[in-house]
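As a plain string of letters, each chain reads:
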Amino acid sequence: MTESTLTGKSMDAGGTGETMIELTGVEKWFGDFQALKGIDLVVGKKETVVVCGPSGSGKSTLIRCINRLEVHNRGRIVVDGTELSDDVRDIQAIRRETGMVFQSFNLFPHLTILENITLAPRQVRRKPKKEAEQTAMDLLTRVKIPDQANKFPGQLSGGQQQRAAIARALAMEPKVMLFDEPTSALDPEMIKEVLDTMEQLADSGMTMVCVTHEMGFARAVADRVVFMADGAIVEVNDPETLFTSPQEQRTQLFLSQILVHPS
Amino acid sequence: MSASTETSPSDRAHRPPFWRDVRIIRIALQVGFLVAVGALLFWLFDNLTVNLRVLGIRRDFGFLDQPTGVPILGSDFRAQSPIRDALLVGLYNILRVAVPGILTALVIGTLVGVGRLSTNWLVRRAAGIYVEVLRNVPPLVMLIFFYIAVLQQLPAQADSITAGPFALLNVRGVYLPSIQLSAGPAPVFFGVLGLALVAAIVLGVLRTRRFDATGQPHRRVPLGVLLFLGIATLGWLALGRPLGLQLPVIEGRGVDGGYRMIPEQAAVFIALVLYTSSFIAEIVRGSIQAVAKGQTEASNALGLSGLQRLRFVVLPQALRIATPSAGNEFLNLTKNVSLGVFVAYPELLRIGRQAVGNGFPAPQLLFIVSAGYLALSLGISLFTNLANRRLQLSER
Ligand SMILES: Nc1ncnc2c1ncn2[C@@H]1O[C@H](COP(=O)(O)OP(=O)(O)OP(=O)(O)O)[C@@H](O)[C@H]1O
Ligand SMILES: [Mg+2]
């Protein structure tokens, strides 16, 4: 899109000011359909960026490109100094540094919660079993479900499963956490427990990119909010400014719809 | 109205007329079904006994001790031996095709099924054609095709097709190497094999402990196999090679040594393996595809390699999905061995029919044939159900 004012804000790393993730001119096609139309965005170390926008605007596609669950067709993606290329080693390096939390949890149903959490640290990071299990228990305590360790995912509530999924991602000691609508599949009473966990995580200095429509969370935690529509970034600003005095008409329309139907 | 309506919680005033009352309809249907089945069975049994008496046919199983009167193809069974033994040979001949058939079909089916998901275009297409052709030709047609159009067209003994010194192929059958034991040291050698197995398992456990303690790759399978083979080879050499392969060799008018598969058996084996493997391939492909896409994404996001993803996430779940249907295919293969009757392969049905032809009572013989197949099928069901139970338990 042609908004000239937004590039400044979107390339302005928050947090410590150092760059953690850098996207320049990222484009993505699904066949003839262009899902991302030249995304420029910098996320700083220890920064929390919330991405929102209408359904189909490309939010999921954007963050899935960052750990290469989708392959971008044009532009550059650099995570912590490593550029995503077709080199398997780069891809694995970036995936080791980025944790991801999905809307549908995607826990492994045939493994216990503890096994879910220790699988990657043991197989990928080659940690001793005791150490991996100790870390896992610490993380489960941190997300407040230490007594669920030996259950299978199917035996947990949605909120507990999502917190277990967050613990699983954290067990790899990632430098970046990506969240794709982590609370959309949850009942209202469970949303808070997951958001509290995320807020705690942000406070601990994790770099986070969160796709979410939880305005309360965005206001409390986000350093910047990115508003997307039709595969492009429309507006980027600190949450207070973006929510109270949005510059773009598209943003205003979206916010008015959300505020009528708060989630 | 029956007594059960008295205890019903529903208000009597609101009870529908009995012909519209679901509970009464349900009971009436069950009673009706029971009566119908009972009547049918009684009629059949009555009919049978009356007709057998009229025809003067025996209803006892005493004939089982009488001499069979004919030899059995491809076995050293003598015509004087009792029918009982002939039927046992028939049972054994079912297993002789079914057991190696199930194992072979499983291996081929798994390879083809995985091949259908390959990223390699050629592999994918070849696997696709294999499945589409083989599962759409009736197994009986395949059987007769292999018997008449392939195996019976093979050259005579003198011009046998050979695969090095290992296998012979001619119109009289397929000859493969067999394992030969020398009587003396062979039992000792089996002891050595047992020892080697224990050593390999101990090594595996130690390697796993080390992996748990340090995170260093355990490589327990390759190392264990290597240790087993090493000890086995040393023992084999030390004991003067007590175990050897006996190769089939043409000796005058016959073939000496090796394992002979008569053409009838080979035809049944090949046809059923090809047919069943195409279904197993579909089950394997479907089961892998049925594992949710999110599982692959989560594995990738965690940085697991492709192999690790298969080994720890996708395959354990796919196996769970595949076991019940694969068990059905094993049953089908076993029961389809009875098609061998069309090429005179001496399995149970063929032997039973032959005996009927020689004047022995048909009802009892066909009952025995059915019971034999039933027993084998139930045995296989038991196996797959146990496997299934184990997999399900590890799930929840
Ligand atoms: N695998 C795919 N194949 C084809 N089109 C796709 C694919 N994935 C996404 N799209 C399209 O790309 C566009 C962006 O999708 P994306 O999932 O990123 O949207 P989103 O902003 O996350 O929406 P939502 O809020 O509904 O999750 C949509 O129009 C979608 O239909
Ligand atoms: Mg989405």
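For the structure, see preceding data.
All of the points below concern the structure found in this document.

What counts and what doesn't
Residues numbered from 1 in each chain as written. Chains lettered and ligands numbered in written order. Predicted model: local features only at pLDDT ≥ 70, side-chain atom pairs only at ≥ 80, totals over all residues. Heavy atoms only, no water. Contact = heavy atoms within 4.5 Å. Buried area = accessible area lost by both parts, 1.4 Å probe. Salt bridge = Lys/Arg side-chain N within 4 Å of Asp/Glu carboxyl O. Polar contact = N/O pair within 3.5 Å; in protein donor to acceptor, adjacent residues only side chain to side chain. Helix = DSSP H or I, 4+ residues; strand = E, 2+ residues; numbered from the N terminus. Core = buried A, V, L, I, M, F, W, Y, C linked by side-chain atoms within 4.5 Å. Buried < 20%, exposed > 50% of the residue type's maximum accessible area, 1.4 Å probe, protein only. Pairing = 2+ DSSP bridges. Axes fitted to C-alpha atoms, helices over the stretch in contact; angles between N-to-C directions.

### Observations regarding the interface of chain B and chain A
With 25 residues of chain B in contact, the opposing surface of chain A contributes 29 residues. Taken together, both faces of the contact between chain B and chain A bury some 2500 Å²; the carbon and sulfur share is 56%. Taken together, the connections running from chain B to chain A amount to 2 salt bridges. Counting the contacts that link chain B with chain A gives 9 residue pairs in polar contact (both at pLDDT 80 or more). Elements supplying a minimum of two residues to the side of chain B that touches chain A: α5 (186–214), α8 (293–301) and α9 (306–336) of chain B. It is α8 of chain B that contributes the most residues to the side of chain B that touches chain A, 7 residues altogether.

### Some thoughts on the nonpolar core
Across soluble globular proteins, nonpolar side chains have a tendency to be buried as a group. Residue and element names in this part refer to chain B. Grouped together as the largest cluster of nonpolar side chains are 57 residues, with contacts concentrated most on Ile83, Leu87, Leu143, Val268, Val337, Tyr345 and Leu365. Only α2 (83–115), α4 (139–150), α7 (263–290), α9, α10 (348–357) and α11 (362–393) provide two or more residues apiece to this core. For this core, the element with the highest residue contribution is α7, accounting for 12 residues. With residues up to four places along the chain from it excluded, the contact list for Tyr345 reads Asn93, Arg96, Val97, Ile262, Glu264, Gln265, Val268, Val337, Gly340 and Arg350.

### Quick word on the pattern of salt bridges
All chains considered together, the criterion is met by 19 salt bridges over all chains. Between Asp212 of chain B and Arg122 of chain A there is a salt bridge; the shortest N-O distance is 2.4 Å. Placement of the pair is Asp212 of chain B in helix α5 and Arg122 of chain A in helix α4 (residues 113–123), with the two residues belonging to separate chains. For Arg122 of chain A, a relative accessible area of 15% translates into the label buried. For the salt bridge of Arg163 of chain A with Glu193 of chain A, the shortest nitrogen-to-oxygen distance reads 3.0 Å. Here Arg163 of chain A is found in helix α6 (residues 158–170), whereas its partner Glu193 of chain A is found in helix α7 (residues 188–203), with 30 residues between them in sequence. For Glu193 of chain A, a relative accessible area of 25% corresponds to the partly exposed category. By sharing partners, the salt bridges in this structure join Arg116, Glu132, Arg135, Glu282 and Arg285 of chain B into a single network.

### Focus on the sheet that holds strand β1 (residues 161–163) of chain B
The strands that make up a sheet pair up through hydrogen bonds in the backbone, lying either parallel or antiparallel. All names here are of chain B. Within the open sheet, the 4 strands sit side by side as β1-β2-β3-β8. Their pairing is antiparallel. Of all the strands in the sheet, the pair left with one neighbour each is β1 and β8 (259–261). Taken pair by pair, the neighbouring strands of this sheet meet at an average axis angle of 15°, ignoring direction. Of the strand pairs in this sheet, β1 and strand β2 (residues 167–170) are connected by 3 bridges, and their pairing is antiparallel. Considered in β2, the bridge of Ala163 is made with Ala167. Its contacts with the sheet put α7 on β3 (173–176) and β8, and the angle it makes with β8 is roughly 75°.

### Some words on the sheet that holds strand β5 (residues 82–83) of chain A
Residue and element names in this part refer to chain A. If you walk across this open sheet you meet the 4 strands as β2-β1-β4-β5, and the pairing is antiparallel. Pairing within the sheet leaves two strands with one partner each, and these edge strands are β2 (33–44) and β5. In this structure, strand β4 (residues 74–79) lies alongside β5, joined through 2 bridges in antiparallel fashion. Across the sheet, residue Val78 finds its bridge partner in β5, namely Glu83.

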